[in-house]
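Take a look at the letters that make up each chain.
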2 protein chains.
Amino acid sequence: MAKTKQVSNKAVEAEQGNDAHRGRVTSYDVAAHAGVSQSAVSRCFKPGASVSKKMRDRVMKAVEELGYRPNAIARGLITRRSNMVGVIVSNLNFYPEVLSELNKRFISRGVHVLLFALDQESDVGSILEQLWQYPVDGVVAAAHLTPEQIALFDERGVPLVFYNRAYQDVPVSSVCCDQSEGERMLVSQLAGSGKHKDFGIIAGPRDSVVSMQRTEGALARLKELGFDQVNVVSGDYTYESGRRAIGKLLEARGEMPDAIICANDMMAMGCMDELRFKHDLDVPGDVSVVGFDGVKAAAWASFNLTTVTQPVESMAEAVVTMLLDRIDNDGLPPEKRTFSGVLRSGGSIRQ
Amino acid sequence: MAKTKQVSNKAVEAEQGNDAHRGRVTSYDVAAHAGVSQSAVSRCFKPGASVSKKMRDRVMKAVEELGYRPNAIARGLITRRSNMVGVIVSNLNFYPEVLSELNKRFISRGVHVLLFALDQESDVGSILEQLWQYPVDGVVAAAHLTPEQIALFDERGVPLVFYNRAYQDVPVSSVCCDQSEGERMLVSQLAGSGKHKDFGIIAGPRDSVVSMQRTEGALARLKELGFDQVNVVSGDYTYESGRRAIGKLLEARGEMPDAIICANDMMAMGCMDELRFKHDLDVPGDVSVVGFDGVKAAAWASFNLTTVTQPVESMAEAVVTMLLDRIDNDGLPPEKRTFSGVLRSGGSIRQ
DNA sequence: TCGAGTATTGCATTCGAAGTCAAACGGCGT
DNA sequence: ACGCCGTTTGACTTCGAATGCAATACTCGA
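Residues numbered from 1 in each chain as written. Chains lettered and ligands numbered in written order. Predicted model: local features only at pLDDT ≥ 70, side-chain atom pairs only at ≥ 80, totals over all residues. Heavy atoms only, no water.

Caption draft 1: The pattern of salt bridges, seen in detail. Here the structure, examined in full by the defined rule, presents 32 salt bridges over all chains. The shortest N-O distance in the salt bridge between Lys53(A) and Asp57(A) comes to 2.7 Å. Residue Lys53(A) and its partner Asp57(A) are both found in helix α4 (residues 53-66); the two are separated by four residues, about one turn of the helix. Here Lys53(A) falls in the exposed class, since its relative accessible area comes to 63%. One salt bridge connects Glu101(B) with Arg105(B), and the closest N-O pair in it is separated by 2.3 Å. Placement of the pair is Glu101(B) and Arg105(B) together in helix α6 (residues 96-108), with a separation of four residues, close to one helical turn. Glu101(B) gets classed as buried once you look at its relative accessible area, which sits at 10%. (Salt bridge = Lys/Arg side-chain N within 4 Å of Asp/Glu carboxyl O. Helix = DSSP H or I, 4+ residues; strand = E, 2+ residues; numbered from the N terminus. Buried < 20%, exposed > 50% of the residue type's maximum accessible area, 1.4 Å probe, protein only.)

Written out as structure tokens, the structure reads:
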């Protein structure tokens, strides 16, 4: 009865145009305005519900007049579906296309993205702490989580799909680009010209699994081809670290390698600039350089980098499909999908 | 009474470890586990609430044991504060730093970002339609809205702050970089060398207000300096369109200008590459080029572009502060803040 | 030990929408 | 006009947490 009283109060307010709370329009306001029950309003927004045309028209008219939109959050409370997914990315600046592709695809399926970006200061733990406060339907992680952190998702029944992080021996879904295969293609390409004797590798951060896979892939292929004296130095995936890495390579070796394999395009571009503008060397004339990722800038004429392009669109599509499937259907087992990268031959390898 | 029964059911479930719904842990579960009321649990999470140490310890122990985290959304329903803000960006690929800076700052203040990115297909209208389904506390828009769309925010009492979109004569908050001033600095710099006679401008899309402001600023300063024959062609802010624009300039003029003013860095870089690699011209030897924005890549050795850097960090900070202020205090009037860009002299101007 | 006064605690209600269920309605045949 | 049956509709409850208020549990002084 209290509820009934409340409703009629709202009805009165709405009818009198009392705008005191000037908050959002609720289904009660619409109901009052249209002279029907709140349930009726709710039903008009549920596809396939039993509503007469007369009722629907009447409600929709009120909806238009008041500018009502159902509150997705309140709805989520009862349906246990917030239609929000969390996206955890380690660094927004690195791969904006990934976020963009994911967001676009989720949106088109009526799902919204709640962003969780790791900045150097904030660690994964605190981000997850925040994430758990939101009733997200699922999570995409483009960052490294510990097995314990992963287990929590399972416990709580929240689907999780990794983007470009593979966990061997951990039953969790992921979509990856075959890092190792990609590097092998690059090395084969370099070796194919027969012009390189002295290889150097600029790896990513030591704790990056992706960097490790790429580096291992390159080293393995190099070894197969008979090159087992390869210097490896580390960068942090940035342009600047690519430039600095040249100094380290030179120091380690005493002379400049004639082919440099970089763990990503950003460092490859830094490395090219350092070679050209600091050491006055020609790329590819004096030194060949290859990258990984296929970022836009790598294809620019100034660099025209030979690299392996990650099929970002296919990967994003796969992630979205896998996640939504698992949200709709909680029986699905973890699945790992691996896409091959596409070799993009530029002009950064000496022929 | 129904409620009471419900509660004790939950209590029983929780105590028996019945994990049937394996959903999230709720405050009722914690309450049952600790043998206290739900209100008590709730109060333990409210700073400054009246709770005895004994009670707090007891509740917190249960919280730890069950891994409880308050549901931010359910909380938002009653407090009318979702602690989420919507961020509308026109294109994620363009300025990832902006999103990154905004996100970082919001997070550190306990606010989360719900992402709304416009992709070519989706127009602002449909994005807003979606936005209104979420009870966001406020919105940052880095996209163009119509006055009607802006008015809705006012009506519904949802604070709105624009990033780099100024609306003259519309009372709405915004944080902008002074586009016109920036361009004037660039033109002055170009003119200062006394080596340029023939200016060309590569503007942004015709419907971009920012592009218009930049172009007008440049033209005005050029005119003051006595150059009133300036060709203007349009691009779409991308690298590729910068390259294509060179062809258009050449066509319009019959010969290549000796100074090209680009509406942003991306096009400036495309333009430099086109000049160097397609037309075999030297920059800055034959043609000077300037950009705008101060993106990372513009400072790379290959380009070393003279440009105006937008103070992204200060602007982001200003946006976040303004928005949160307005969320906490609904009396605040709209405010427009303008930051000056910083001239970054590179090596793309002939001296 | 008692009572006043304060500090804690629990009950019941609330937020906005959706789902359950039973009541009311509509159409139809007879 | 009556009764039957399928369709619509509305009253009430639910989701999870917060909060006003009333009911306790304490504290301390007398």
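Caption draft 2: The relation of the copies chain B and chain A, seen in detail. With an RMSD of 0.1 Å, the operation that places chain B on chain A is a rotation of 180° combined with a shift of 0.0 Å along the axis. Between the two chains, the operation in question is that of a two-fold axis. Relative to the rotation axis, the C-alpha of Leu114(B) is the closest in chain B, positioned 2.3 Å from it. Take the interface residues of chain B: 100% of them recur as interface residues in chain A, which is what a same-surface contact looks like. (Least-squares fit on C-alpha atoms with pLDDT ≥ 70 in both. Contact = heavy atoms within 4.5 Å.)

Caption draft 3: Spotlight on the interface of chain B and chain A. With 54 residues of chain B at the contact, the number on the chain A side is 54 residues. Together, the buried faces of chain B and chain A total about 5300 Å²; carbon and sulfur atoms form 54% of this surface. Sorting the residues of chain B by area buried against chain A places Arg24(B), Tyr134(B) and Trp300(B) first, and these three jointly supply 14% of that buried surface. Viewed at the interface, chain A and chain B are joined by two salt bridges. Those elements that provide at least two residues to the side of chain B that touches chain A are α5 (72-79), α6, β2 (112-117), α7 (124-131), α8 (147-155), α11 (239-253) and α12 (265-278) of chain B. With seven residues, α6(B) is the largest single contributor of residues to the side of chain B that touches chain A. A class-by-class count of the residues in the side of chain B that touches chain A yields 28 nonpolar, twelve polar and 14 charged. (Buried area = accessible area lost by both parts, 1.4 Å probe. Nonpolar A, V, L, I, M, F, W, Y, C, P; charged D, E, K, R; others polar.)

Caption draft 4: The arrangement of the protein's contact with DNA strand D in detail. If you check the shell around DNA strand D, you find 35 residues, and the closest are Arg43(A), Ile78(A), Arg80(A), Ser27(B) and Arg75(B). Sugar and phosphate atoms represent 62% of those atoms of DNA strand D found within 4 Å of the protein. With respect to DNA strand D, the side chain of Lys46(B) contributes an N or O atom lying 3.1 Å from a phosphate oxygen. Where the surface near DNA strand D is concerned, the elements lending two or more residues are α1 (2-16), α3 (38-44) and α5 (72-79) of chain A together with α1 (2-16), α2 (27-34), α3 (38-44) and α5 of chain B. Top contributing element to the surface near DNA strand D by residue count: α5(B), with five residues. (Near = heavy atom within 4 Å. Polar contact = N/O pair within 3.5 Å; in protein donor to acceptor, adjacent residues only side chain to side chain.)

Caption draft 5: Main features of the packing of α11(B) against α12(B). All names here are of chain B. Look at α11 against α12: their axes get within 6 Å of each other, and the N-to-C directions meet at 50°. Taken as axis vectors, α11 and α12 run oblique relative to one another. Taken as a pair, α11 and α12 cross one another with a handedness that is right-handed. Where α11 abuts α12, its residues Tyr239, Ser241, Gly242, Arg243 and Ile246 lie against Met266, Met267, Met269, Gly270, Cys271, Asp273, Glu274, Leu275 and Lys278. A class-by-class count of the residues in the contact of α11 with α12 yields seven nonpolar, three polar and four charged. (Axes fitted to C-alpha atoms, helices over the stretch in contact; angles between N-to-C directions. Parallel < 35°, antiparallel > 145°, perpendicular 65-115°, else oblique. Left-handed = near helix turned anticlockwise from the far one by under 90°.)

Caption draft 6: Examining helix α9 (residues 179-192) of chain B more closely. Residue and element names in this part refer to chain B. Along its 14 residues, α9 runs 20 Å from first to last C-alpha, staying within 8% of the 20 Å computed at 1.5 Å per residue. Taken residue by residue, α9 has Gln179, Gly182, Glu183, Leu186, Val187 and Leu190 as its buried positions. Buried residues of α9, viewed axially, fall in a sector of 135°; they line one side. Backbone nitrogen of Ser180 and a side-chain oxygen of the N-cap are separated by 3.3 Å at the start of α9; the cap is Asp178. Immediately beyond the C-terminal end of α9, within one or two residues, lies Gly194, with a positive phi of roughly 65°. (Expected span 1.5 Å × (residues − 1). Arc of directions from axis to C-beta.)

Caption draft 7: The sheet that holds strand β8 (residues 259-262) of chain B, seen in detail. Residue and element names in this part refer to chain B. Strand order in this open sheet of four strands is β7-β6-β8-β9, and the pairing throughout is parallel. Of all strands in the sheet, those bounded by a partner on one side alone are β7 (231-234) and β9 (288-290). Adjacent strand axes in the sheet meet at a mean angle of 20°, parallel and antiparallel pairs treated alike. (Pairing = 2+ DSSP bridges.)

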